[in-house]
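Summary of structural features
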Amino acid sequence: MKKLVFFLFFLFFPLFVSASDLKLNHLVIENGELSLPFDPLNTSYTISLEKDIDKINFVYEVDNDIEVTIENNQDLQNNSVVVLSLTNKEDTIFYTFQILKEEEESTNMVFLEEKEEENTNFMMQYKNSIIPISCFILILISYKILFFHKK
């Protein structure tokens, strides 16, 4: 049984390894900034763009037999996703890029009004200290009455 498992493993092992050669060798974004330095094994990135840029200019290097396709790279909005797919015969790998655009500064200014101090009565201001102190005094008086008798 073990021999059969090892035989099947070594028979199908090259199928699992073949996709490891399918990767970008080098990637540069000309009109934006990647969130992380490029690593061929990382397939998910965020790109920061200025607000007036509508298309990403990719500069990349791949092996000769790999076909590259770029999807959703027009009219980019904030939180758009651009997909760069690499295809080699039967294998495909996707690199995804989430777009973050700089937002326009808001010209509407909000003015906060200062609230006037509300007049509160004495009990409301000091209730956190008055109630425990009065309870302690009542407990002390009842203790004195109950346990200290004159002889």
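Right, let's walk through the structure included here. (Residues numbered from 1 in each chain as written. Predicted model: local features only at pLDDT ≥ 70, side-chain atom pairs only at ≥ 80, totals over all residues. Heavy atoms only, no water.)

It is worth spelling out the overall build of the chain at this point. In terms of helices and strands, the chain carries 3 helices and 7 strands. Element order for the chain, N to C, with α for helix and β for strand: α-β-β-β-β-β-β-β-α-α. Within the chain, the fraction of its 151 residues that count as buried is 17%. The contacts of the chain with a sequence gap of at least 6 include a subset with a gap of at least 24, amounting to 45%. For the chain, the accessible area works out to roughly 13,100 Å², and carbon and sulfur atoms hold 57% of it. (Helix = DSSP H or I, 4+ residues; strand = E, 2+ residues; numbered from the N terminus. Buried < 20%, exposed > 50% of the residue type's maximum accessible area, 1.4 Å probe, protein only. Contact = heavy atoms within 4.5 Å. Areas by Shrake-Rupley, 256 points an atom, 1.4 Å probe, with all protein chains shown as cover.)

What follows deals with the packing of aromatic side chains. Summed over all chains, the structure comprises 5 aromatic pairs. The interplanar angle of 45° and the centroid separation of 5.1 Å between the aromatic rings of Y143 and F147 together place this pair among those described as tilted. Of the two residues, Y143 and F147 both sit in helix α3 (residues 127–147), 4 residues apart, roughly one turn of that helix. Y143 gets classed as partly exposed once you look at its relative accessible area, which sits at 43%. One aromatic cluster in this structure is built from F38, Y45, F58, Y95 and F97. (Phe/Tyr/Trp six-rings, centres within 6.5 Å; stacked < 30°, edge-to-face > 60°.)

Quick look at unusual backbone geometry now. Of note in this structure, D75 is not a glycine but carries a positive phi near 50°. Here the phi dihedral of N79 falls at roughly 70°; this positive angle occurs in a residue that is not glycine. Take N79: it is sitting in the loop between β5 (67–71) and β6 (81–88). Residue N79 is classed as partly exposed on the basis of its relative accessible area, which comes to 48%.

Applying the stated criterion across every chain, the model contains 1 salt bridge. The shortest N-O distance in the salt bridge between D54 and K101 comes to 3.5 Å. Here the residue D54 occupies a position in the loop between β3 (44–49) and β4 (58–61), and K101 occupies one in strand β7 (residues 91–101), the gap between them amounting to 47 residues. Looking at D54, the relative accessible area reads 40%, which means it is partly exposed. (Salt bridge = Lys/Arg side-chain N within 4 Å of Asp/Glu carboxyl O.)

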